[in-house]
Amino acid sequence: MWYEANGLADEAIEYAFRSNDLDRAADLVACEVETVWKRGQHDKLRRWLNALEVETIHSKPILAFFHAWVQFVSGQQDLAEISLQATEQALSESDLSKKSVTALKGKIAAIRAAMATYRSDGLESIQQAQKALEYLLPKDQIWRGTALVALGDAHIFNGDYSSAYRVHTDALQDIQKTGNVYLYLIGT
């Protein structure tokens, strides 16, 4: 409690884990997960999520979503889809604002577009990418960039190279603004 009251979120989370107060840890992680992810502290995020029960993760939309992301980047596509479905279920039961729900739906679609690209499913990738772009705001540059890269790749699968070039150019513009070198390399 002291750590939390003094603005030391990481320490508060670690204390909750050490105290075996996993419900409190899950609540604290849910508050910090996006910040930790944006800072690029993905190992820390993975460690925190691995320390929680899957049922607990799947009960909180933001945790279920980032759990899906961790699984996706680890190559566990089937498990990522299960976590995306859990995210959608938790969203339907949550009291999140309409804006937050819409943003999370866009992020879910962006991951699904990327997953479809890995399966070389151009049609699904296009559908999911378009859905993501419909939901995501311009400030969601990383997720919009993810959707645009998938959309561009889907155009390549379909032999539409001029559309692919245009979409990849848009993706790179969004991605460059984020400073995310990894995603930039994927986009190029």
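This report concerns the structure included in the present document.

Each value, and the rule that gives it
- Residues numbered from 1 in each chain as written.
- Predicted model: local features only at pLDDT ≥ 70, side-chain atom pairs only at ≥ 80, totals over all residues.
- Heavy atoms only, no water.
- Phe/Tyr/Trp six-rings, centres within 6.5 Å; stacked < 30°, edge-to-face > 60°.
- Helix = DSSP H or I, 4+ residues; strand = E, 2+ residues; numbered from the N terminus.
- Buried < 20%, exposed > 50% of the residue type's maximum accessible area, 1.4 Å probe, protein only.
- Core = buried A, V, L, I, M, F, W, Y, C linked by side-chain atoms within 4.5 Å.
- Contact = heavy atoms within 4.5 Å.
- Expected span 1.5 Å × (residues − 1).
- Bend = angle between axes of the 7 residues up to and from the residue.
- Salt bridge = Lys/Arg side-chain N within 4 Å of Asp/Glu carboxyl O.

1. Topic: the packing of aromatic side chains
Logical step 1: Going through the model one piece at a time under the given rule, you end up with 6 aromatic pairs.
Logical step 2: Where tryptophan 37 meets phenylalanine 66, the ring centres are 5.6 Å apart and the plane angle is 50 degrees; that geometry is what we call tilted. Of this pair, tryptophan 37 sits in helix H3 (residues 22–38) while phenylalanine 66 is found in helix H6 (residues 61–73), placing the two residues 29 residues apart along the sequence. Residues tryptophan 37 and phenylalanine 66 agree in their burial class; the two are buried.
Logical step 3: An angle of 80 degrees between the planes, with centres 5.1 Å apart, marks the rings of phenylalanine 65 and phenylalanine 66 as edge-to-face.
Logical step 4: According to the relative accessible area criterion, phenylalanine 65 is buried, its value standing at 0%.
Logical step 5: One aromatic cluster is present, built from ring pairs that chain together Trp37, Phe65, Phe66, Trp69 and Trp143.

2. Quick notes on the nonpolar core
Logical step 1: Judged by nonpolar contacts, the single largest core of 51 residues is most densely connected at Leu45, Leu63, Phe65, Phe66, Ile111 and Trp143.
Logical step 2: If one sorts the elements of this core by residue count, helix H8 (residues 98–118) sits on top with 9 residues.
Logical step 3: Excluding anything up to four places from it in sequence, tryptophan 143 contacts Trp37, Phe65, Phe66, Trp69, Lys107, Ala110, Ile111 and Leu136.

3. Section: H3
Logical step 1: When the terminal C-alpha atoms of H3 are compared, their 23 Å separation across 17 residues agrees well with the 24 Å that a helix rising 1.5 Å per residue should span.
Logical step 2: By the largest-angle criterion, glutamate 32 marks the main kink of H3, which is about 50 degrees.
Logical step 3: For H3, the full list of buried residues reads Ala25, Ala26, Leu28, Val29, Glu32, Val33, Val36 and Trp37.
Logical step 4: Of the residues trailing H3, glycine 40 is marked for its positive phi of about 80 degrees.

4. Structural notes on the pattern of salt bridges
Logical step 1: Tallying each qualifying case throughout the model produces 6 salt bridges.
Logical step 2: Its salt-bridge partner being glutamate 14, residue arginine 47 comes within 2.9 Å of it at the nearest N-O pair. Taken as a pair, arginine 47 in helix H4 (residues 42–50) and glutamate 14 in helix H2 (residues 9–18) lie far apart in primary sequence, 33 residues in all.
Logical step 3: Taking the relative accessible area as the measure of exposure, glutamate 14 reaches 23% and is therefore partly exposed.
Logical step 4: Measuring nitrogen to oxygen at the nearest pair gives 2.7 Å for the salt bridge that ties lysine 107 to glutamate 34. A residue pair is termed long-range when its members are at least 10 positions apart, and lysine 107 in helix H8 and glutamate 34 in helix H3 qualify at 73 residues.
Logical step 5: On the accessibility criterion, lysine 107 (6% relative accessible area) is buried.
Logical step 6: Bridged by salt links that share partners, the residues Glu81, Glu88 and Arg112 form one connected network.

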